[in-house]
Amino acid sequence: MKKIILFLAIIPFFWGCDEDFLEERPEDFLSSTNAFTTYADFTASVNNLYFLVRRQFYNRDENRPFDFVYGTDLVFDGEPGGTQRHGNMVQAYDPAGDIATTHWNLLYKTISEANTVIERAPLSEMNEEEIQDIVSQARFFRGFAYNVLATLYGGVPIVTEEIKEPKIDFVRASKNEVLQQAIDDLIFAAQNLPAISTAQDGRVNDLVAHHYLAEAYLSMGMNTEAIASATTVINNPNTALMTARYGSRSTEEPGDVYWDLFRRGNQNRASGNTEALWVIQFELDVQGGGIQSGSRGGSYPAERHFAPLLRFAPFNSWPVGDYTGGRGIGWGITTEFYTNTVWGNDASNPDFVNDIRNANHNFIRIFNRDNSSALAIIADEIGRDTVWSTETQPRIREFYAYPTKVTTPYNHPEGLLRPSSVPFALTSAAGSTYTDQYMLRLAETYLLRAEAYLANNQSQLAADDINVVRSRANASAVAAGDVTLDYILDERVRELGLEEKRRLTLMRTNTIYDRVIRYNPFYVENGMQEHFNLWPIPANEIEGNRGAVLEQNPGYN
C-alpha cells in the first residue's frame, strides 16, 4: 500500500504541468477539500472532540478510563496479577505498554482534530458568529489536552498546525512551554465560549475554561492568576453549591443533598443543579448515547469496578440493585485511608458521624441481606474498625465499604431487572453507572482556589473556601493554621473520591509517590517508584521519530 501511495504521489511530476484535465474536483462526494465547509460539517468534527474526552475518561473499554484512579491513594486491585489495574506497576508503566500509549494517542488525536478545525474554520462558508463558536470549542479542547499532557508526561511536542504530510522530527518542548500553550488556548476559550447560563447541558462553557485555566496557572506557579480565574467561576451568579435537597428522588429517605447530586437525572443544570459546570452526557438506549439497558458496551463501568462482589452468604442473591452495590465485582477495593483514615478513623470522631458524605447511604458500611432490615449486618457486630482494616484483616473483593456515587441504588434501568423473588434483582449485563457524569463541579473549583490561596500564603482565605465545602457537608470547620496541601488533598478525597481524576490531581501537585507510599501499601508492595510521578513517553513514538531525538522521561528505559 505504501508503494502505491508513493507512486500516485509522484505522477504529477511526470505529467505536463499545464494539463489539468485530470484534476479531480469533488463536488458530489466527501473529500478532504470539501469535508469542512458548512457549520454542520464543523459541528460534526467538534462533536468528535467531546467523544474523545468521553472515550479517554469514561468508556474506551473496561479498564483504561480507570487509569486515573488505580495506582493512587484511593483503591487497589482486588484481582491482582497484571497491568490492567496497575497491579504490577513496573509493567503497567512500561513505555511499550498500553496505559501510557493509549492516553498519549487519545490526547494527540484530540489536538490533531482541534488543529484541523482551527485552521480550516476561517476558510469555510461559516459566518463570524459560527466561526467563533466552532474555534472557541476547538481551542478549549486543545488547551485541555495540552494541560493533561503536561501533567501526565511533562514536556511534550507542541503541534498547533494541521499536519498534512508525514513528520518524524518532533522534539519535546519544556513543561512550562506546554502549559503556556494550554493557557493561551484556554484564555481564548474563556473569552469566546458561551456563558454557562446559555450553554446546552454537556457543552463546554466559559466557566469550564476558567476552571482549567486556573489549574494551568497553578501548575505554572502563577498563583494570583489562578485565584482570579477560579474566582470568576465561583462568583458567577449562575453558580452555587447545592445546599437543599432537589431533583428526581429528593423525597426519599435516607438521603441528603450530597446523595441527590448523584441520582439519575440530577447532574445537569436542567434539573436545577447550579453546582454542575461540565457534565458528560450518557443517554440511555439512544444511539450514540453510550448506555444500553441490555449491555455494558459503551458505558461507564464504575459500579462494576468499585462496588463489592457480594455473592456469598449471608447475601443470598447477587446481583441486586440495592445498597449492596448492584453488579459490583470488587476490582477497586477502597484503601484503609479512603475508608477510615480520611474521615477521622472511628465513630468517636464527630466528623466521622456528622459528615453527610460519610453517611451510610453515601458510603456504605452496613449492608442489608435480601433487602430485609431485620437481617441487617450491623457494623458494631462485625467491628467497624476491624473488618475494614487492611492491617488486621486482608481486604477481599467480596466485602468492603464503598461510596454509592458509583451506582444507582433502587434505580437501575428496567431493562436490567430480571424476574426473581428478590426485588431489584439484576441481570448479568449490569455493572455500569447509569447516570451522567461530572467532569467538573463547583466544589472542585472551591478546593482548587483554596490550593491557590495556600500557595499564595493566604491560608485564611484557603480555609474559608474549604469551609464552604465542609459546611455543606455538615463537617466541622478547619482552622487556617491547619490548612496544608495535604489537608486539601484529603478534602478532595472526602468530596470528590472516585469522581475526580485523582491521578491528575496528584501528578499535578507532585504528590502521587508520597501519597501512595503513605496510604496504599498494595502499590508499595507492587513496585511504586518515585519516577512514576510522570508516565513514560510511549516507546513507539520515540522509535518512529527518526528525524530527531524524542527524549524519554527519567527512570524509564
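Heads up: these notes are all about the structure in this document. These numbers were taken from a predicted model, which means no experiment stands behind them.

Criteria and cut-off values
Residues numbered from 1 in each chain as written. Predicted model: local features only at pLDDT ≥ 70, side-chain atom pairs only at ≥ 80, totals over all residues. Heavy atoms only, no water. Buried < 20%, exposed > 50% of the residue type's maximum accessible area, 1.4 Å probe, protein only. Helix = DSSP H or I, 4+ residues; strand = E, 2+ residues; numbered from the N terminus. Pairing = 2+ DSSP bridges. Salt bridge = Lys/Arg side-chain N within 4 Å of Asp/Glu carboxyl O. Core = buried A, V, L, I, M, F, W, Y, C linked by side-chain atoms within 4.5 Å. Contact = heavy atoms within 4.5 Å.

**Overview of the pairing of strand 2 (residues 276–280)**
With respect to burial, strand 2 is a largely interior element, five of its five residues being buried. Strand direction decides the pairing type here: strand 2 and strand 10 (residues 437–441), joined by four bridges, are antiparallel. Bridging from a neighbouring strand, V279 pairs with Y438 of strand 10.

**Topic: the pattern of salt bridges**
Considering all chains together, one arrives at 40 salt bridges under this definition. Between R470 and D351 there is a salt bridge, with the nearest N and O atoms lying 3.0 Å from each other. Of this pair, R470 sits in helix 16 (residues 459–472) while D351 sits in helix 12 (residues 350–354); the two residues are 119 residues apart in sequence, bridging distant segments of the chain. Side by side, R470 and D351 carry an identical accessibility label, which is buried. With a closest N to O distance of 2.8 Å, E491 and R494 form a salt bridge.

**What about the environment of E119?**
In this fold, E119 is placed in helix 4 (residues 98–120). Distance in space between the C-alpha atoms of E119 and V135 is 8.9 Å, their sequence separation being 16 residues.

**Focus on the nonpolar core**
Residues F140, Y153 and W278 are the most contacted members of the largest nonpolar core, which totals 143 residues. If sequence neighbours within four positions are ignored, F140 has contacts with L186, A189, L193, V204, V208, A209, Y212 and W278. In this structure, Y246, I356, Y438 and A473 belong to the second largest nonpolar core, which totals 11 residues.

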